[in-house]
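Inside the fold
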Amino acid sequence: MSVIDGISLYAIAAIWILMILNMILSVGGFIYYMKVYETDGRIPLKEYPFVSVMVPAHNEGIVIQKTVKALMKFQYPEDRYEVIVINDNSTDDSADILAGMQKDYGEHRLIVINTDAVTGGKGKSNALNIGLKKAKGSVLAIYDADNTPAPDALILLVENLMSDDKLGAVIGKFRTRNKHASILTRFVNIETLAYQCMNQAGRYFFFKLCTIPGTNFVIRRKIVEEMGGWDTKALSEDTEISFRIYRMGYYIKMMPLAVTWEQEPHLLKVWFKQRTRWAKGNVYVLVKNFKYVFDR
């Protein structure tokens, strides 16, 4: 057998293994979805923890008003949560829009942190760390600035988190709000649905293993503080913090009934820039965790 034959055989075997693995995960994800959808996902609590909903935003003036309005409509006890928008070194009209909304909702419910090029503008992780210093909640909820979550999303996430002391975080489901904008967004919509069914729900069903997405999740504040906050070097801060949660002995649960709608890139160059950043971020996470394993 030649070298070319060996490489071809290896490639074929790898492709078939991945296909079989994804088929198995898809079945597990489907079973888990069906089990969840047989219920309403609710686990009522005697006492609801105070939640700080944090939204890092950079030049999001076009969408931030819609996002904040959705966050203020959560079916969660009004006196038990606050919304913190970290307006991170924005150069558009975000600050003015948020100031106007504060007058409507009150500064105690809608907290706005405006950063400049000195304190901010250093990525999502840095913005979240800034918000953490201001947050009062024992539970943190994270949403991107282009999200419109369903009214019951937060209460579903929090109730499931508080139902098990070994849960470090609970993630929801995200849908593509602009799926009809272009051919690209149609494919992104299919991709996100498949990813959540296979990689998230499937892995959780079989292994109690899934990773935090960048939005629509809750996490225990004590875990973030024990970690020392978000890693400002990580471009994929969601994946990086997921690894640390599991290393600390907690696990992450998926609750697909907690839904948010988000804006996806509809231009190829924007999509490519996004995926390049994700790839770089994931490489950083792999290298960091390999070092952790070998340094032990």
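Everything below is about the structure printed above this text.
Observations concerning the nonpolar core
- V53 and L154 are the most contacted members of the largest nonpolar core, which has 70 residues in total.
- Of the residues forming this core, the biggest block, seven residues, is contributed by helix α5 (residues 153-162).

So, the pattern of salt bridges
- One pass over the structure, following the stated rule, counts nine salt bridges.
- The partner of E159 in a salt bridge is R42, with the nearest N and O atoms 2.7 Å apart. Of this pair, E159 sits in helix α5 while R42 sits in the loop between α1 (3-37) and β1 (51-57); the two residues are 117 residues apart in sequence, bridging distant segments of the chain.
- According to the relative accessible area criterion, E159 is buried, its value standing at 0%.
- Accessibility expressed as a relative area gives 35% for R42, which makes it partly exposed.
- A salt bridge links R244 to E240; the nearest nitrogen and oxygen atoms lie 2.9 Å apart. Within this pair, R244 and its partner E240 are both found in helix α8 (residues 237-247), separated by four residues, close to a single helical turn.

Comments concerning the layout of surface pockets
- Roughly 2000 Å³ of volume is contained in the largest pocket.
- Taken together, 49 residues form the lining of the largest pocket, with K124, D144, Q274, R277 and W278 sitting closest to its centre.
- Mapped onto the lining of the largest pocket, the elements with two or more residues apiece are β1, α4 (124-134), α6 (183-207), α8 and α9 (268-295).
- Counting residues per element, the lining of the largest pocket draws most heavily on α9, which supplies seven residues.
- Classifying every residue of the lining of the largest pocket gives 17 nonpolar, 17 polar and 15 charged.

Here we look at the environment of T260
- When you line up the elements, T260 lands in strand β8 (residues 251-262).
- For T260, a relative accessible area of 0% gives the class buried.
- In this structure, the C-alpha to C-alpha distance between T260 and P151, residues 109 residues apart in sequence, is 9.2 Å.
- What T260 contacts, discounting residues up to four positions off in sequence, is Y143, N147, T148, P149, A150, K173, F174, R175, T215 and N216.
- Engagement of the side chain of T260 in a polar contact is seen with the side chain of N147, the distance being 3.1 Å.

Some words on the packing of aromatic side chains
- With the rule as written, the count across this model stands at eight aromatic pairs.
- On the numbers, 5.7 Å between centres and 85° between planes, the contact of Y33 with Y37 is edge-to-face. With a gap of four residues between them, Y33 and Y37 both fall in helix α1, about one helical turn apart.
- Residue classification places Y33 among the buried positions, given a relative accessible area of 10%.
- Among the aromatic residues, those joined into a ring-pair cluster are Y48, F74, Y76, Y81 and Y143.
- A cation over a ring is seen here: R109 above Y81, with NZ or CZ 5.3 Å from the ring centre.
- For the cation-ring pair, K208 lies above Y204, with the distance from its terminal atom to the ring centre recorded as 5.0 Å.

Digging into the sheet that holds strand β5 (residues 147-149)
- Taken together, eight strands build an open sheet; the order of strands is β3-β2-β1-β4-β7-β6-β8-β5 and the sheet is mixed. Each edge of the sheet is formed by a strand with only one pairing partner; in this case those strands are β3 (110-115) and β5. For this sheet the average axis-to-axis angle between neighbouring strands, irrespective of direction, equals 30°.
- The pairing of strand β6 (residues 167-176) with strand β7 (residues 217-220) spans three bridges and is classified as antiparallel. In the sheet register, V170 faces β7, and the bridge partner there is V218.
- α1 contacts β6 and β8 of the sheet and is inclined by roughly 75° relative to β8.

Calculation criteria
- Residues numbered from 1 in each chain as written.
- Predicted model: local features only at pLDDT ≥ 70, side-chain atom pairs only at ≥ 80, totals over all residues.
- Heavy atoms only, no water.
- Core = buried A, V, L, I, M, F, W, Y, C linked by side-chain atoms within 4.5 Å.
- Buried < 20%, exposed > 50% of the residue type's maximum accessible area, 1.4 Å probe, protein only.
- Helix = DSSP H or I, 4+ residues; strand = E, 2+ residues; numbered from the N terminus.
- Salt bridge = Lys/Arg side-chain N within 4 Å of Asp/Glu carboxyl O.
- 1 Å grid on protein atoms, 1.4 Å probe; cavity = no way out; pocket = protein on both sides within 12 Å on 5 of 7 lines; lining within 4 Å.
- Points joined across faces, edges and corners; volume = space filled by probe spheres on them.
- Nonpolar A, V, L, I, M, F, W, Y, C, P; charged D, E, K, R; others polar.
- Contact = heavy atoms within 4.5 Å.
- Polar contact = N/O pair within 3.5 Å; in protein donor to acceptor, adjacent residues only side chain to side chain.
- Phe/Tyr/Trp six-rings, centres within 6.5 Å; stacked < 30°, edge-to-face > 60°.
- Lys NZ or Arg CZ within 6 Å of the ring centre and 35° of its normal.
- Pairing = 2+ DSSP bridges.
- Axes fitted to C-alpha atoms, helices over the stretch in contact; angles between N-to-C directions.

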